[in-house]
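# Secondary and tertiary structure notes
The lines below spell out each chain.
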Amino acid sequence: MKLSFHGAAQGVTGSCHLLECAGKRILVDCGFYQGGRELKEDNADEFGFDAASIDYLLLTHAHLDHCGRIPLLVNRGFTGEIITTPASRELARLIMLDSAGLQEEEARYQNRRARRHGKSSADIEPLYTTLDALNALEYFGRAAAYNQSLQLSPDIQVTFINAGHILGSACLVLQVTEGSEQRSILFSGDLGLSDRPILRDPQVPPAVDIVVMETTYGDRQHKQLEPSVEELYTAINETIERGGNVIIPTFALERAQELLFYLHAGITKGVLSDFLQVFLDSPMAISATEIFRRHRECYDEQTAELFASGQDPFKFPGLHFTRETAESMAINQVSRGAVIMAGSGMCTGGRVRHHLKQHLGREHSSIVFVGYAARGTLARRIVDGAKTVSIFGDDYPVRAQIHTIGGFSAHAGQAELLAWHKQTGNPDTTFLVHGEKDSMDAFSRLLDNTRVVMPVLHEEFEL
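Parameters and conventions
- Residues numbered from 1 in each chain as written.
- Predicted model: local features only at pLDDT ≥ 70, side-chain atom pairs only at ≥ 80, totals over all residues.
- Heavy atoms only, no water.
- Helix = DSSP H or I, 4+ residues; strand = E, 2+ residues; numbered from the N terminus.
- Rg over C-alpha atoms; globule rule 2.2 N^0.38 Å.
- Buried < 20%, exposed > 50% of the residue type's maximum accessible area, 1.4 Å probe, protein only.
- Contact = heavy atoms within 4.5 Å.
- Areas by Shrake-Rupley, 256 points an atom, 1.4 Å probe, with all protein chains shown as cover.
- Lys, Arg positive; Asp, Glu negative; His and termini not counted.
- Charge placed at Lys NZ, Arg CZ, Asp CG, Glu CD.
- Core = buried A, V, L, I, M, F, W, Y, C linked by side-chain atoms within 4.5 Å.
- Disulfide = S-S within 2.5 Å.
- Arc of directions from axis to C-beta.
- Pairing = 2+ DSSP bridges.

### With respect to the overall build of the protein chain
- Across its full length, the protein chain holds 14 helices and 22 strands.
- Over its C-alpha trace the protein chain gives a radius of gyration of 22 Å, about what one expects of a compact globule, namely 23 Å for 463 residues.
- Expressed as lengths along the three principal axes of its C-alpha atoms, the size of the protein chain is roughly 70 × 60 × 40 Å.
- For the protein chain, buried positions account for 58% of its 463 residues.
- Looking at the protein chain alone, contacts between residues at least 24 apart form 74% of all its contacts between residues at least 6 apart.
- For the protein chain, the exposed area adds up to about 18,700 Å²; of that, 47% sits on carbon and sulfur atoms.
- Distance between charge centres in the protein chain, computed from 43 positive and 59 negative side chains, equals 6 Å.

Have a look at this one:
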């Protein structure tokens, strides 16, 4: 029985873990590395295992850093079964197709730019294409309902439990028998917070032998949610009064819907103006919002009651969904009084970079970050106080007001992570993943009922 780590090992993106047991090879997630150029190159590297040898891929949730390399896995020979929750299946389809489209668009742009600079032989290829993403969808098999065990083989059983992170997110509990030996292994995926809008709280995990858990915020707590919402409202109102626009780099899944929820609430309560213009300038976020509406079985009581009373928390006067490129470009004509939400949240791709080009140099405008910014990303450079940043190869001064509001994170903070781990009993070993080294070091010092391991990339362990 072996466990090896092929992504998110002392880093926060690219989740990919391989469990070899009872004659089967089971991959948990196959995510995209997000960040600087060196991480983009990591996406094209070898996986560290033979893709054709994988029997099952268990997907914890549909964020790009957990599902983004699935088309590449299929392209390199995977023919097994992909299992995930119904909501994650829909969202993963959306994420993979969007990622392929962005890569194709980026390759075309870079080739045009290279030719303009006299490099006539430029031939940059996307990591994978839209056709590769469509092919990957053929391998999605059984849907995993929460708390209903699935038999992968006579000796392997998996149960998906609610992780409360994004729509359809799950922790995985595997029960494995190999010869006379039995092991229970828990993969946290990404863990959410309790008492948040829209989704149900994370479930209590069972006691297990082995834990593989994320530590994105293992070294700190988030700001409280209520003050964070007030801070958002204040940033919007002050920017509108100055005569500027608010740009919010937005993750398409969960963060966009949560922001719509609070903008709806702010307008309903009169905290925000009825005349506020809000642009959700992300085809993927728009489609994700429609998927959210279809999976009301995932809602918490508050959101379910809103829909039952005839209210749609993702819709309000002044909200514009801009799918088409021409519609997105037309937003440039709105010089003041608007909130523009666009992907990506870390500013590594998508339409937000075009809006940053327009507004970073404007003192009256504001850039509001409401999510995690990994090292090496454009978002992190802005948050860290860069005076000039490069976008599409050109330099732009940073004169806009920069706000970082930490209370909107969909990740559990240190206290929640610790409480979750304590509920797993006294596991023999806890593997810490999906966190930067400082975060993992801080969290490891809090664990006293287990052996703690912080694996490096491609490191393998006997269980």
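### Describing the environment of Ala412
- Inspection of the secondary structure puts Ala412 in the loop between β19 (401–404) and α13 (414–422).
- Sequence-wise, Ala412 and Asp190 are 222 residues apart; in three dimensions their C-alpha atoms are separated by 8.2 Å.
- In this structure Ala412 touches Leu191, Gly192, Leu193, Glu214, Tyr217, His222 and Leu417, once residues within four positions along its chain are discounted.

### Side note on the nonpolar core
- With 76 residues, the main nonpolar core has Leu27, Ile70, Leu73, Ile248, Met341 and Phe408 as its most contacted residues.
- Looking at this core element by element, the count peaks at 8 residues for helix α7 (residues 255–269).
- Those residues in contact with Ile70, other than ones at most four positions away along the chain, are Cys30, Leu57, Leu59, Ile82, Met96, Ala136 and Phe140.
- Counting 30 residues, the second-largest nonpolar core is a separate cluster that includes Ala144, Phe160, Val176 and Val453.

### Remarks on the state of the cysteines
- For the structure on display, the rule yields 0 disulfides.
- You can see Cys30 has no disulfide; the closest cysteine sulfur is in Cys16, sitting 4.4 Å from it.
- Taking relative accessible area as the criterion, Cys30 reaches 0% and is therefore assigned buried.
- The thiol of Cys298 is not disulfide-bonded; the next cysteine sulfur, from Cys171, is found 14 Å away.

### Examining helix α5 (residues 130–137)
- Residues of α5 that are buried include every one of Asp132, Ala133, Ala136 and Leu137, and no others. Looking straight down α5, one finds its buried side chains confined to an arc of 150°; they lie on one side.
- Of the surrounding secondary structure, the elements contacted by the buried residues of α5 are α3 (70–75), β5 (81–84), α4 (86–116) and β6 (140–143).

### Things to note about the pairing of strand β17 (residues 388–391)
- The side-chain alternation of β17 yields one buried face, formed by Val389 and Ile391, and one unburied face, formed by Thr388 and Ser390.
- With 4 bridges connecting them, β17 and strand β18 (residues 394–397) associate as antiparallel partners. Residue pairing in the sheet places Ile391 in a bridge with Asp394 of β18.
- In this antiparallel pair of consecutive strands, β17 and β18, the connection spans 2 residues, and Phe392 shows a positive phi of 55°.

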